[in-house]
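Summary of structural features
Spelled out from the first residue to the last, the chains are:
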Amino acid sequence: MATKAKKKAKKAPKLAPDPYQPNPWYVVRNSKVHGKGCFARQDIPKGTRIAEYVGDRITWDEADTRYEGYDVNDNHTFLFIVDRKTVIDGGVGGNDARYINHSCGENCSSTVEKGRVYIDANQFIKKGEELGYDYQIGRDKNDPENVDEIYACRCGAPKCRGTMLWPAKRPKPKKRKKAKSVAAKSAGKKKSAKKAGKKTVAKKAAKKAAKKVARKSAKKAAKRAAARG
Ligand SMILES: C[S@@+](CC[C@H](N)C(=O)[O-])C[C@H]1O[C@@H](n2cnc3c(N)ncnc32)[C@H](O)[C@@H]1O
Ligand SMILES: [Zn+2]
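Residues numbered from 1 in each chain as written. Chains lettered and ligands numbered in written order. Predicted model: local features only at pLDDT ≥ 70, side-chain atom pairs only at ≥ 80, totals over all residues.

Focus on the environment of D18
Rules: Labels follow the DSSP assignment, with helices taken as runs of H or I lasting at least four residues and strands as runs of E lasting at least two, numbered in each case from the N terminus.
Along the chain, the position of D18 falls in the loop between α1 (2-6) and β1 (26-30). In this structure, the C-alpha to C-alpha distance between D18 and A51, residues 33 residues apart in sequence, is 8.0 Å.

Here's what the structure looks like:
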């Protein structure tokens, strides 16, 4: 029937290769960018779901505790933000997707769907090219002075912004209207200093997920309001 035919066909979900089997799209090799990297083992069409980023699913607090004693000048991390509650630690039970380096001229992008993290090709990728997505590691008001040095980017892209952090430039501190009590200040510092210890990749994906949650609850509220009349 005409009305049925007009109905939008539901988009078929993209299928990712089995995360625990050898990946058909890339191989892990030494990278000029940093340590190991992932390189296309064949031409990859735009839109391909290349991999799922897997590992130990933990809370932000667990991630903080796990990497508490680590050197703050060592930026190396396999942590990936899923949402406001969950972080994936690719360093524990992870797969080779954890070796995909950051690139400011990304040919891949990370996406969070139903709490799972995928790496998709956002353009045609030629065989042999290194895969990279923008980590957009979030800045924190308690970041050390040399944070830009610690998170310096070596991707080599023509438009490399020089940092894996986002925003690229450190925002200027806002002027405080009222001075808070000393006790309140130091309590806040302690918590944030702990959080600043190890940063987590893909802030962008987390922001998207957080926005989605906000949109959903706004819709629910609107429905409730409508039902109330
Ligand atoms: C998820 S690992 C990527 C794999 C890493 N190359 C390895 O061998 O373990 C992320 C870490 O790699 C390093 N890294 C990735 N991309 C980088 C880049 N563009 N510039 C500098 N270091 C980078 C940083 O230390 C980052 O924390
Ligand atoms: Zn760069």
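Right, picking up where we left off after that structure.
Remarks on unusual backbone geometry
Selection rule: Counting other C-beta atoms within 10 Å of its own, a residue is labelled buried from 20 upward, exposed at 12 or fewer, and partly exposed in the gap between, with every C-beta atom placed from the backbone.
Cis peptide bonds are those with omega within 30 degrees of zero, and the linkage from W166 to P167 qualifies with 0°. Considering the arrangement of structural elements, one finds P167 in the loop between β12 (165-166) and α4 (182-196). Of note in the backbone geometry, K114 takes a positive phi value of approximately 50° without being a glycine. Secondary-structure assignment places K114 in the loop between β8 (108-113) and β9 (116-121). By C-beta crowding, K114 is classed as exposed, having 5 other C-beta atoms within 10 Å. One non-glycine residue, Q136, lies in the positive phi region at around 45°. Residue position: Q136 is located in the loop between β10 (132-133) and β11 (137-138). Exposure remark for Q136: the 21 C-beta atoms within 10 Å place this residue in the buried category.

Some remarks on the site of ligand 1
The line we're drawing: By definition, a residue lies near a molecule or strand provided its backbone-derived C-beta atom is within 6 Å of it. Residues are grouped as follows: nonpolar covers Ala, Val, Leu, Ile, Met, Phe, Trp, Tyr, Cys and Pro; charged covers Asp, Glu, Lys and Arg; every other residue, Gly included, is treated as polar.
Among the 18 residues in the neighbourhood of ligand 1, the closest are listed as H34, G35, K36, N101 and H102. Secondary structure elements with two or more residues in the shell around ligand 1: β2 (36-40) and β7 (101-102). Looking at the shell around ligand 1 residue by residue, the class counts come to 6 nonpolar, 9 polar and 3 charged.

Considering the sheet that holds strand β4 (residues 56-59)
The test is simple: Between any two strands, at least two bridges found by DSSP are needed for them to pair. Fitting a line to C-alpha atoms yields each axis, with helices limited to the stretch in contact; the angle taken between N-to-C directions then spans 0 to 180 degrees.
Read across the sheet, 3 strands follow the order β4-β6-β5 without closing on themselves; strand pairing throughout is antiparallel. A strand with exactly one partner marks an edge of an open sheet, and here the two such strands are β4 and β5 (79-81). Between one strand and the next, the sheet's axes are offset by a mean angle of 35°, whatever the strand orientation. Bridging between β5 and strand β6 (residues 86-89) involves 3 bridges; their strand directions are antiparallel. If you follow F80 over to β6, its bridge partner there is I88.

Comments concerning the sheet that holds strand β3 (residues 49-53)
Across the sheet, which stays open at both edges, the 3 strands sit in the order β3-β9-β8 with antiparallel pairing between neighbours. Among the strands making up the open sheet, the edge pair consists of β3 and β8. This sheet shows a mean twist of 30° between the axes of neighbouring strands, independent of strand direction. Sheet topology note: the β3/β9 ladder contains 4 bridges and is antiparallel. Bridge assignment links Y53 to a residue of β9, and that residue is V117.

Considerations on the nonpolar core
As a reminder, the rule being used: As used throughout, a nonpolar core is a set of buried Ala, Val, Leu, Ile, Met, Phe, Trp, Tyr and Cys residues joined through C-beta atoms within 7 Å of each other. Any residue pair is listed as a contact if its two C-beta atoms, each placed from the backbone, are within 7 Å.
Formed by 30 residues in total, the largest nonpolar core has its most connected members in I50, F80, I100, I119 and L131. Of all the secondary structure elements, the ones that give two or more residues to this core are β2, β3, β5, β6, β8 and β9. In terms of residue count, the dominant contributor to this core is β9 (4 residues). Those residues in contact with I50, other than ones at most four positions away along the chain, are W25, Y26, I44, C108, I119, D120, A121 and L131. Residues Y135, V147, C153 and L165 belong to the second largest nonpolar core, which totals 7 residues.

Structural notes on the confidence of the model for the protein
Inclusion rule: Values of pLDDT, which run from 0 to 100, indicate the predictor's confidence residue by residue.
Per-residue confidence for the protein gives a mean pLDDT of 81, with 72% of residues at or over 70. Segment residues 179-197 is flagged for pLDDT under 50; beyond a separation of four residues in sequence, or across chains, it makes 18 contacts in the model.

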